[in-house]
Each structure stands twice: as C-alpha cells, then as structure tokens.
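Now for the letters of each chain:
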Amino acid sequence: MANRRNMNFPTGKAGEIVAELERRLILGYYKPGENLSFKLLADTLDVSRQPVSSAIGHLRASGYVEVLPQVGCRVVKPTPEEVFDFFRMHSSIEAVAVELAVERQTLAEGEQLAAIQPPPSGGLDRVVERAAYISYVDAFHDQIWAMAKAPMLAGQFSGLRNLASFYLWQGISSLAPQVAEKLNQQRKQIAGLIIAGEKEKASQLMKEHIIAKPELVHFTDAASES
C-alpha cells in the first residue's frame, strides 16, 4: 500500500495501528462480517485498548468496520450494489486526475509513469503476491496524481484507493491471471494516452478501467456464494 495520509489521519500510536489494521484489511486477513475483538487486537499489537479504540474509530469513519451495540466491532460486508456505487464515484475522481496529469505533466514524469511495471504473478492467492500487486497499482495511480499537481485533492481522496482494494479483495480470495493481465494492459494503455496528450481518451479509459473492476473480479458471484 502506498504511504498516503490525509489531513484526518490519526498520529502517534493510533496512527500506527490504523496503518497496520488497514494493511491487514486490504490484504484479506479478516473476512467480511468477521468480529474484531478490541482486547485481542490490543494483545496482538502489544498496545493498550485506548489507541486501539481510537484506531477503530478512524477505520469506522473510513468505511472499513462498523461498531454495533451488543455486537461490537466487525468488518463491513457491503452489498454488490454498494460496491458498484463506490466504484462509479471513484472512477470519476481518478478520471479527473488523469485529465489534470495530461495538462500538467513533464517529459520526465511521463517517462516515470511508463517505467512502472506490474510484478510477475500467478493467481495472486498468496498475501505476498497481493501486496506486491497492490503496491504496483498504488505506484501507478500515485504517479498520475503527482503529475496532476493537485496536492489538496490528492489529500482529500487519499484513502479511496485503499478502500477500493479492500472492497475488491473482500469479494475474492485470488485474482485470475487473465483478469490481472487485462487490468495491467489497460493501465499500460492509459499511461500511453496520458504521455501522448490524449486527454479525453485517457480519461474515458481510466473511468471504464475502474468502474468495471467489481465485475471483472466476479464480486457479484463471490458475494452471492458467501
């Protein structure tokens, strides 16, 4: 995961706990609907319950967990419709970043974008493979935002890609190689269009690339089986 932090990200020990729990949530350590014990988390992370409580509060506000009376904390289990709605919104934001990148890029920045390549992978069923793949995706989008030169917007929307990865990995335990390859090829095409100055084509392809992700990874089928 990229080291992105927005203005509302907690500091100190609570911030460290948020980063670690967010990493675990994105990589699929916890299942949708799974209960999370404050005490167990505190014991596992070797901290007191106070920073864990603060961290859970942030994760709740960010959309990862819910805290219910008489139930406690549990990982959210969004419906397919909620996931598709999220990616519809997310696609529009990333499409704007592409437009800004086309308008404001330098030659060196374009070369840096083109140099970002996916790691070799199989089915991405191992945590280490998922982490490498997500880091590659983050690097690709981070470079586009760097080229967009819009730090205020980047800060406001900094957590959306992590949440997007979380939603996707909730739906599947592995990513089929052909699906990963299709997404990788789309990123390569987007990079080429950005570098070539094709703003409208690059923006539209980015939007299509993101909005189609839940269907590509068969989120609906996986959700219906759970």
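For the structure, see preceding data.
Analysis parameters
Residues numbered from 1 in each chain as written. Predicted model: local features only at pLDDT ≥ 70, side-chain atom pairs only at ≥ 80, totals over all residues. Heavy atoms only, no water. Helix = DSSP H or I, 4+ residues; strand = E, 2+ residues; numbered from the N terminus. Buried < 20%, exposed > 50% of the residue type's maximum accessible area, 1.4 Å probe, protein only. Contact = heavy atoms within 4.5 Å. Areas by Shrake-Rupley, 256 points an atom, 1.4 Å probe, with all protein chains shown as cover. Expected span 1.5 Å × (residues − 1). Patch = residues over 30% accessible without salt bridge, like charges linked within 9 Å, V, L, I, M, F, W, Y side chains within 5 Å. Salt bridge = Lys/Arg side-chain N within 4 Å of Asp/Glu carboxyl O. Pairing = 2+ DSSP bridges. Arc of directions from axis to C-beta. Phe/Tyr/Trp six-rings, centres within 6.5 Å; stacked < 30°, edge-to-face > 60°. Lys, Arg positive; Asp, Glu negative; His and termini not counted. Axes fitted to C-alpha atoms, helices over the stretch in contact; angles between N-to-C directions. Parallel < 35°, antiparallel > 145°, perpendicular 65-115°, else oblique. Left-handed = near helix turned anticlockwise from the far one by under 90°. Nonpolar A, V, L, I, M, F, W, Y, C, P; charged D, E, K, R; others polar.

Caption draft 1: A look at the overall build of the protein chain. Assigned secondary structure in the protein chain consists of twelve helices and three strands. Counting all 226 residues of the protein chain, 44% fall into the buried class. A sequence separation of at least 24 residues applies to 76% of the contacts in the protein chain between residues at least 6 apart. Put simply, the protein chain shows about 11,400 Å² of open surface, and 53% of that area lies on carbon and sulfur atoms.

Caption draft 2: Spotlight on helix 6 (residues 127–148). The end-to-end C-alpha separation of helix 6 is 31 Å, in line with the 32 Å expected for 22 residues at 1.5 Å each. Backbone geometry just downstream of helix 6 places Lys149 in the positive-phi region, at approximately 55°.

Caption draft 3: Seen up close, a nonpolar patch on the surface. On the surface, Met152, Leu153 and Phe157 cluster together into a nonpolar patch covering about 270 Å² of accessible area. Along the chain, the position of Phe157 falls in the loop between helix 7 (151–156) and helix 8 (160–171).

Caption draft 4: Looking closely at the pairing of strand 3 (residues 72–75). Both strand 1 (residues 35–36) and strand 3 contribute to a ladder of two bridges, which runs antiparallel. Residue pairing across strands places Leu36 opposite Cys73, the latter belonging to strand 3. Examined bridge by bridge, strand 2 (residues 65–68) and strand 3 share four bridges and lie antiparallel to one another. Bridged to Val65 within strand 3 is Val75. Where strand 2 folds back onto strand 3 in an antiparallel hairpin, the turn is made up of three residues, including Gln70, whose phi is positive at roughly 65°.

Caption draft 5: Main features of helix 9 (residues 177–195). Taking 1.5 Å of rise per residue, the 19 residues of helix 9 would be expected to cover 27 Å, and the 27 Å separating its terminal C-alpha atoms lies within 8% of that figure. Within helix 9, burial applies to Val179, Ala180, Leu183, Asn184, Gln186, Arg187, Ile190, Ala191 and Ile194. Buried residues of helix 9 fall within an arc of 160° about the axis and therefore sit on the same side. The outward face of helix 9, more than 90 degrees from its buried face, is lined by the exposed residues Gln178 and Lys188. Of the surrounding secondary structure, the elements contacted by the buried residues of helix 9 are helix 4 (80–104), helix 5 (107–115), helix 6, helix 10 (199–211) and helix 11 (213–216). Of the residues one or two after helix 9, Gly197 is the one with positive phi, at around 80°.

Caption draft 6: Looking closely at the packing of aromatic side chains. In this structure the tally under the stated criterion is five aromatic pairs. Put simply, the rings of Tyr64, Phe86, Phe87, Phe166 and Tyr167 pair up and form one aromatic cluster.

Caption draft 7: Region of interest: the sheet that holds strand 1. Overall, antiparallel pairing links the three strands, which are arranged 1-3-2 in an open sheet. Looking at which strands have only one partner, the edges of the open sheet turn out to be strand 1 and strand 2.

Caption draft 8: Structural detail: the side chain of Arg187. Position of Arg187 relative to the elements: it lies in helix 9. The charged side chain of Arg187 is buried without a salt bridge, its nearest counter-charge being Glu181 at 8.8 Å.

Caption draft 9: Here's a closer look at the packing of helix 4 against helix 10. Close contact between helix 4 and helix 10 brings their axes to 8 Å; oriented N to C, the two are set at 155°. Our classification of the angle between helix 4 and helix 10 gives roughly antiparallel. By crossing handedness, the relation of helix 4 to helix 10 is classed as right-handed. Touching Phe87, Arg88, His90, Ser91, Ser92, Glu94, Ala95, Val98, Glu99, Val102 and Glu103 of helix 4 are Lys199, Ala202, Ser203, Met206, Lys207, Ile210 and Ile211, all from helix 10. Of the residues in the contact of helix 4 with helix 10, the class split is eight nonpolar, four polar and six charged.

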